[in-house]
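Secondary and tertiary structure notes
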Amino acid sequence: MQVLIVSQYFYPENFSINDVAGTLLEKGIEVEVLTGKPNYPCGEIFAGYRAWGCQQDTHRGININRIPILPRGRGGWWLALNYLSFILAGLLFAPWMLRKKRFDVIFIYAPSPILQAIPAIFLGWLKRCPVVLWVQDLWPESLSATGYVRNRAVLKLVERVVRFIYRHVDLLLVQSRAFEGPVCALASGTPIEYCPNSVGDTFAISATNETPSVEGLGEGFSVMFAGNIGAAQAVGVIVEAASFLREYVDIHFVVLGDGSSRESMLKEVRQRGLTNLHLPGRFPVETMPGFMQKASVLLVTLADQPIFAATVPNKVQAYMAAGKPIIACLNGEGARLVVEAKAGLAIPAEDSMALADAILYLYKHSPEERAKMGENGRRYYQEHFAHDRLIDQLIRQLCRVSQSEKDIP
């Protein structure tokens, strides 16, 4: 089977679609990727790439077609232009880049923006092949929740576009069971199936990989957050909790990654004189499993918004696979999974005092008790989110859609 993956984000950007594409290839699926120029989350085009022009390269034996894109900058109008540039470039250049190539199915990996599905739908019409959309974020809800768009007329317009997208694909996959209702309300009969995220097997390790030295990590009791540092993550709660716990000299907060809120966090750290909160920046994804093994506790946060209560951040699966206790400072589905797995503690989103209390609770636990939580999480990951098993499920879903299209007289 020949699959075209359409995603605005791909390697060297750190998204789960990288592992999905690599494993599909390993399982005998012919994979090609259509994407933009890497610029997430820093907002600048990565070294070795240019914003203009089409480029081709390979990763893990996968042919990657890169179309022009404006970098996302630090939000606002630049982010809107970034989204629109991918759509326009996809409509104008993708048909030419993929000329004379045949695909059995087009598979869209769709974190924000969902609008990236538009050129994929157009390609599906040109290539006469079915289109499958893997919904990672709910639109237009995520736009209003992150504060990028508040105008009701604009949000209503976006809702109509999303309705069009959902109704013009052949299958909708949702990463959270809580997505099924909101997606169904706009899908008008398009089949919907559950397809949770997973992470590569490299996260499910026991030994510590060789990793760069990071202040605060591996020293005393370390609380580690990894990933995008943005409005959706409500990282201010981490700053507040670090302030509450500043008298505990052996408790360290380590925030790995980059994003629109990192500079404001650094400013707060300087203004408050916090020596227990460290923001060393962004590191290659290959180093993350090793960093996780050095941490005492792994932290995931989301803003206190209804849409995020339906979302399961991909780092929940990564943290479970790593076998470390988790503090989930969020509401809804992600918190439910951590509690159900007995993998750690769940506290209300954006509640800094509850976060500080949860950290102290685990800090006072014995290493053996914390290790038991980590073991529970890893077991739950193997039972529900094992990467290899979920990719087999995805292949069956793609094959079924492709075969159904061929069976139509």
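Keep in mind the model is a prediction, meaning the values are calculated, not measured.

Quick word on the overall build of the protein chain
When you go through the protein chain residue by residue, the secondary structure sums to 15 helices and 14 strands. Scaling as 2.2 N^0.38, a compact globule of 409 residues should have a C-alpha radius of gyration of about 22 Å, and the protein chain matches this with 21 Å. Principal axes of the C-alpha set define a box for the protein chain whose edges measure 70 × 40 × 40 Å. Classification of the 409 residues of the protein chain by burial places 58% in the buried group. Summed over its atoms, the accessible surface of the protein chain is roughly 17,000 Å², and 54% of this surface lies on carbon and sulfur atoms. Charged side chains in the protein chain number 40 positive and 39 negative. The centres of these two groups are separated by 6 Å.

Considering the UniProt feature "transmembrane region" (unreviewed entry) in the protein chain
UniProt tags residues 77-98 and 105-126 as "transmembrane region" (unreviewed entry). Between the end C-alpha atoms of residues 77-98 there is a gap of 30 Å, over a span that is 95% helix and 0% strand. Span residues 105-126 is 45% helix and 27% strand, its end C-alpha atoms 12 Å apart.

Things to note about the sheet that holds strand 2 (residues 30-35)
Read from one edge to the other, the open sheet built from 8 strands follows the order 3-4-2-1-5-6-7-8, with strand pairing classed as mixed. Among the strands making up the open sheet, the edge pair consists of strand 3 (55-59) and strand 8 (192-194). Taking each pair of neighbouring strands and ignoring which way they run, the sheet shows an average axis angle of 25°. Sheet analysis places strand 6 (residues 131-135) next to strand 7 (residues 171-174), joined by 4 bridges and oriented parallel. Its bridge partner being in strand 7, Trp-134 is matched across the sheet by Leu-173.

Regarding helix 2 (residues 77-97)
Because each turn of an α-helix spans 3.6 residues, side chains separated by three or four positions end up pointing in the same direction. The end-to-end C-alpha separation of helix 2 is 28 Å, in line with the 30 Å expected for 21 residues at 1.5 Å each. At Gly-90, helix 2 shows its maximal kink, close to 40°. Three or more residues of helix 2 are buried, namely Leu-79, Asn-82, Tyr-83, Ser-85, Phe-86, Ile-87, Ala-89, Gly-90, Ala-94 and Met-97. Along its buried surface, helix 2 packs onto strand 1 (2-6), strand 2, strand 3, strand 4 (62-66) and helix 3 (117-127).

Analysis parameters
- Residues numbered from 1 in each chain as written.
- Predicted model: local features only at pLDDT ≥ 70, side-chain atom pairs only at ≥ 80, totals over all residues.
- Heavy atoms only, no water.
- Helix = DSSP H or I, 4+ residues; strand = E, 2+ residues; numbered from the N terminus.
- Rg over C-alpha atoms; globule rule 2.2 N^0.38 Å.
- Buried < 20%, exposed > 50% of the residue type's maximum accessible area, 1.4 Å probe, protein only.
- Areas by Shrake-Rupley, 256 points an atom, 1.4 Å probe, with all protein chains shown as cover.
- Lys, Arg positive; Asp, Glu negative; His and termini not counted.
- Charge placed at Lys NZ, Arg CZ, Asp CG, Glu CD.
- UniProt positions renumbered as here; feature names shortened; annotations may be inferred.
- Pairing = 2+ DSSP bridges.
- Axes fitted to C-alpha atoms, helices over the stretch in contact; angles between N-to-C directions.
- Expected span 1.5 Å × (residues − 1).
- Bend = angle between axes of the 7 residues up to and from the residue.
- Contact = heavy atoms within 4.5 Å.

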